[in-house]
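# An overview of the molecular structure
Each chain is listed here by its residues.
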Amino acid sequence: MDNPGRPPILRDMENATDLIIVGGGLNGCALALAAARSGLRSTVLDALPTDTRAAPGFDGRSYALALASVRMLQALDLWEGLPAQPMNEIKVSDGRVGDAEVFLGLHFDSDEIEEGPMGHMVEDRHLRQRLLQTMEAEPLITHMPESRVVAQQTGPSGASVTLEDGQEITGKLLIGADGRQSGTAQRAGIQRTGWGYGQRALVCAIAHEKPHNGVAHQLFLPPGPLAILPLTENRSSIVWSEAEGRAQEINALSDEDYLTVLRPRFGDFLGEISLAGARYIYPLNLTLANAFVAERLALVGDAAHGVHPIAGQGLNAGLRDVAALAHVLAHARRRGEDIASPQVLERYQRWRRFDTATLAAATDLFNRLFSNDSGLLRLGRDIGMALVNAAPGLRRRFIREAAGLTGDLPDLMRA
Amino acid sequence: MTTTTVDPGEIAKFEAMAAEWWDPEGKFKPLHMLNPCRLDYITTQIAGEYDRDLNVDAPFEGLRILDIGCGGGLLCEPMARLGATVVGVDAAERNIPVARTHAAQSGLEIDYRHTTAEAMVQAGEAFDVVLNMEVVEHVADPLAYLTACRQLLKPGGLHICSTINRNAKSFAMAIVGAEYVMRWLPKGTHEWSKFITPDELYELMRNAGLDPVDRKGFVFNPVSWQWRLSNRDLSVNYVTAALKPA
């Protein structure tokens with residue numbers, strides 16, 4: 001018997017790419033670079049223009065990168081020379097707004113683990129610029145800004161997307177790296193499970209009089225948690241959660257009035273404070289895609305899971321997806337497997353879906369436990385914190401968890 | 001577009017059978033579970049023997065590889081994807097159009113033939129690598145069969161052969177476990193008395209004119225539900241590499 005005619009989707013496969021990555025954010029770019037390490041070609045489709053992405057000024061956005069994420073950036077040659085502030089200590093406290101002395105209940109110190117600082121603070125603009133520059137220099141990556149996907153097609157032989165201008169891109173595997181509202185997931189019929197917290201996060205950067213000494217603070221205040229994360233120089237990033245209505249009110253205030261509301265929330269240990277960048281407000285909700293993979297399709301980052309940003313785990317979880325997927329694809333390619341076959345994609349899903357569901361549940365529990373002024377809960381968590389503090393083994397476990405060093409580590413996150 | 005005289009109903013049937021062969025949760029689930037581990041061994045051995053870098057495109061370009069007992073093409077397709085020129089043979093005629101149909105879907109060119117190792121020798125074929133996976137425990141005369149495998153190799157060629165050990169554990173795992181309890185394989189797939197121990201296989205290969213160079217175990221971890229290669233545990237499934245003297 002002769003081989004039957006090639007299906008239409010294969011006609012363009014000769015000049016097709018390996019990965020069609022929908023979404024030019026941090027995770028999409030990181031995946032293209034990680035895949036290039038094992039010889040895989042990517043086309044990155046970004047709906048936004050490059051100059052929007054690469055705007056040079058500081059806009060107040062920054063990330064708390066766990067040690068595992070830092071290792072990955074090092075492995076991808078993205079770390080050297082990137083301005084970053086190490087976080088040597090994390091102090092977790094339970095408090096009340098306006099209390100003069102903030103009770104320091106829990107203390108995590110990087111000196112307790114051998115791997116070094118448990119994390120670094122990196123500004124969004126620096127990370128984004130570095131990713132774009134490195135990507136432009138990589139011959140295996142085609143970067144297409146201002147490319148909006150309007151349709152997608154997957155079949156046993158390949159995947160393709162149609163852009164707004166009618167252009168068609170063909171490849172082996174389609175990646176949804178297009179955020180919480182992922183069109184890629186929607187077009188594939190992947191449903192999401194999610195719930196809100198009736199809270200919003202207010203985010204800003206501040207400049208302060210006194211040095212932060214590389215200490216990050218996590219304060220559990222009754223209206224919601226507040227994190228003070230050290231940036232380079234005498235600056236810190238503030239992530240501050242408030243009930244929905246109250247958050248909107250605060251967000252509408254002038255800069256001066258905003259600072260007046262913020263000041264009493266963390267005392268005066270940093271001296272006088274002022275705003276250093278724009279202010280942001282984000283709804284706090286948790287969403288999880290019901291599947292991370294479908295036929296010739298995989299979701300990474302917020303497209304797969306949007307967690308409550310209470311512990312700065314959003315980008316870290318996304319980079320972990322990227323590292324795990326790149327790991328699975330690299331090994332499949334070396335074996336000669338079809339990188340987009342159901343068995344290969346299932347390895348990625350099995351690896352990441354359990355971790356993510358666990359993180360989502362833990363973050364949720366944490367938030368419910370601490371965003372509360374009930375006397376009984378308060379007593380309970382204070383006892384819990386005292387116990388963790390008294391047990392070095394347990395404390396080290398928390399530090400290693402925060403550093404992203406627990407679980408099965410992908411190649412890119414190993415030392 | 002190739003013209004074809006094959007009945008469209010037949011094509012639909014082959015497509016359904018190809019889908020069955022390639023369904024990771026279907027009838028051939030145990031092979032799909034074992035496949036990454038088998039491929040790790042095969043690709044590493046070939047790359048080592050022929051000094052190829054697995055990180056480049058088409059690392060096996062220029063190598064001619066024969067897969068005996070190719071089934072739906074679970075090993076042929078990865079070899080073709082790595083750039084090798086691949087011939088797949090199977091004694092079961094119905095597997096051939098099934099494997100061809102799937103190769104076409106994958107956009108790969110593979111020469112599938114309904115024939116036997118002995119007939120290939122008669123035809124004077126020669127290969128750089130012969131893959132002889134999970135076949136030797138099914139043949140009537142293993143020595144004659146392994147001799148044919150050696151004749152199919154070019155001088156210095158690589159022969160990779162996997163099979164099942166013969167002991168109480170392999171009986172429990174392969175026959176009671178895989179065939180009767182898990183229903184992974186149809187009952188009667190294996191005949192325990194035909195299983196071969198690693199030492200017996202080394203001896204058979206030497207008698208067939210091959211030089212055994214390596215052997216490893218395939219070990220199943222029931223917690224991670226995955227197979228891995230082991231240097232020490234060859235108690236159930238195992239794989240060997242041997243060379244034809246140059």
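Presented here is a report on the structure given in the accompanying data block. Small disclaimer: the values here were computed from a predicted structure and weren't measured. (Residues numbered from 1 in each chain as written. Chains lettered and ligands numbered in written order. Predicted model: local features only at pLDDT ≥ 70, side-chain atom pairs only at ≥ 80, totals over all residues.)

On to the overall build of chain B, then. What chain B contains, in helices and strands, is eight helices and eight strands. The buried share among the 246 residues of chain B stands at 44%. If you take every contact in chain B between residues at least 6 apart in sequence, the share linking residues at least 24 apart comes to 68%. (Helix = DSSP H or I, 4+ residues; strand = E, 2+ residues; numbered from the N terminus. Buried ≥ 20, exposed ≤ 12 C-beta atoms within 10 Å, placed from the backbone. Contact = placed C-beta atoms within 7 Å.)

All right, on to the overall build of chain A then. When helices and strands are tallied, chain A shows 11 helices and 20 strands. Residues classed as buried in chain A amount to 48% of the 415 residues present. Pairs at least 24 residues apart make up 75% of the contacts formed inside chain A by residues separated by at least 6 positions.

Okay, the packing of helix 1 (residues 26-36) of chain A against helix 4 (residues 124-136) of chain A next. Residues and elements named next belong to chain A. Remark: helix 1 packs on helix 4, axes separated minimally by 10 Å, with the N-to-C direction vectors making an angle of 35°. In the packing of helix 1 onto helix 4, the handedness of the crossing is left-handed. Contact with helix 1, carried on its side by Leu-26, Cys-29, Ala-30, Ala-32 and Leu-33, involves Leu-127, Arg-128, Leu-131, Thr-134 and Met-135 of helix 4 and no other residues of that element. (Axes fitted to C-alpha atoms, helices over the stretch in contact; angles between N-to-C directions. Left-handed = near helix turned anticlockwise from the far one by under 90°.)

Let us look at the environment of His208(A). All names here are of chain A. With respect to the helices and strands, the residue His-208 is situated in strand 12 (residues 192-208). Separated by 12 residues in the primary sequence, His-208 and Gly-196 have C-alpha atoms spaced 33 Å apart. In contact with His-208, other than residues within four places in its own chain, are Asn-234, Ser-236, Leu-270, Gly-271, Glu-272 and Ile-273.

It is worth spelling out the pairing of strand 7 (residues 226-230) of chain B at this point. In this structure, strand 6 (residues 211-221) of chain B lies alongside strand 7 of chain B, joined through five bridges in antiparallel fashion. Within strand 7 of chain B, the residue paired with Phe220(B) across the bridge is Trp227(B). (Pairing = 2+ DSSP bridges.)

The next thing to look at is the sheet that holds strand 3 (residues 62-66) of chain A. All names here are of chain A. Taken in spatial order, the three strands of this open sheet run 3-7-4, and their pairing is antiparallel. Edge positions in the sheet fall to strand 3 and strand 4 (84-87), since each of these pairs with one other strand and no more. The sheet shows a mean angle of 25° between the axes of neighbouring strands, taken without regard to direction. As paired elements, strand 4 and strand 7 (residues 119-123) share four bridges and run antiparallel to each other. Within strand 7, the position partnered with Met-87 by the bridge is Gly-119. Docked against the sheet, helix 3 (residues 67-75) engages strand 3 and strand 7, running at close to 95° with respect to strand 3.

A few words now on the packing of helix 6 (residues 142-151) of chain B against helix 8 (residues 198-207) of chain B. All names here are of chain B. Contact pair helix 6 / helix 8: the axes reach a minimum separation of 8 Å and the direction vectors enclose 55°. In terms of their interaxial angle, helix 6 and helix 8 are classed as oblique. In this structure, helix 6 crosses over helix 8, and the sense of that crossing is right-handed. Residues Pro-142, Leu-143 and Leu-146 of helix 6 form the contact with helix 8, whose participating residues are Leu-204, Met-205 and Asn-207. Counted by class, the contact of helix 6 with helix 8 contains five nonpolar, one polar and no charged residues. (Parallel < 35°, antiparallel > 145°, perpendicular 65-115°, else oblique. Nonpolar A, V, L, I, M, F, W, Y, C, P; charged D, E, K, R; others polar.)

By themselves these figures say nothing about function.
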